[in-house]
Amino acid sequence: MEPNRPFIVKEQPGTKYYCACSKSQNRPWCDGSHKGSGLQPYKVEIEVEKNVAICNCALSANMPFCDGAHKSLR
Ligand code: FES
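Fair warning: this is a prediction, and the values are worked out from it, not measured in the lab. (Residues numbered from 1 in each chain as written. Predicted model: local features only at pLDDT ≥ 70, side-chain atom pairs only at ≥ 80, totals over all residues. Heavy atoms only, no water.)

Asker: Residues and numbers for empty space enclosed by the protein, please.
Answerer: Considering all chains together, one arrives at two cavities of 30 Å³ or more under this definition. Here the largest cavity defines a volume of roughly 50 Å³. Taken together, 13 residues line the largest cavity, and the ones lying closest to its centre are Cys55, Asn56, Cys57, Cys66 and His70. The residue inventory of the lining of the largest cavity, partitioned by class, reads six nonpolar, five polar and two charged. Forming the boundary of the second largest cavity are Phe7, Cys19, Arg27, Pro28, Tyr42, Ile54, Cys55, Met63 and Pro64. When its residues are assigned to classes, the lining of the second largest cavity shows eight nonpolar, no polar and one charged. (1 Å grid on protein atoms, 1.4 Å probe; cavity = no way out; pocket = protein on both sides within 12 Å on 5 of 7 lines; lining within 4 Å. Points joined across faces, edges and corners; volume = space filled by probe spheres on them. Nonpolar A, V, L, I, M, F, W, Y, C, P; charged D, E, K, R; others polar.)

Have a look at this one:
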């Protein structure tokens, strides 16, 4: 996955944990690899099935969601 493109995933309703440390082997979701880093995953409640765009460049002002800030990397 290129860092200048968000992860686009179709989510089912439920509690989601999105990686905030970039170490997860299952990005955009947390796999527990943050332990010891002092960072915590982003906890998000998904109410209805929908596609979500998760930031992959760390520049979004609306983490963990993409806000289009990756376009400044081009
Ligand atoms: S693995 Fe990155 S926040 Fe949990």
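Asker: Talk me through the pattern of salt bridges; I want residue IDs and the actual numbers.
Answerer: If you walk through the whole model with that rule in mind, you get two salt bridges. A salt bridge links Glu49 to Lys10; the shortest N-O distance between them is 3.3 Å. Highlighted residues: Glu49 in the loop between strand 3 (42-46) and strand 4 (50-54) and Lys10 in strand 1 (residues 7-11), separated in sequence by 39 residues. Ionic pairing is found between Glu11 and Lys16, a salt bridge with its closest N-O pair at 3.9 Å. (Salt bridge = Lys/Arg side-chain N within 4 Å of Asp/Glu carboxyl O. Helix = DSSP H or I, 4+ residues; strand = E, 2+ residues; numbered from the N terminus.)

Asker: Could you give me a rundown of unusual backbone geometry, with the residues and numbers involved?
Answerer: For the bond running from Arg27 to Pro28, omega is 15°, close enough to zero to count as cis. For Pro28, the position within the fold is in the loop between strand 2 (14-18) and strand 3. Cis geometry is found at the peptide bond from Met63 to Pro64, where omega equals 5°. The backbone of Ser22 sits at a positive phi, close to 70°, despite the residue not being glycine.

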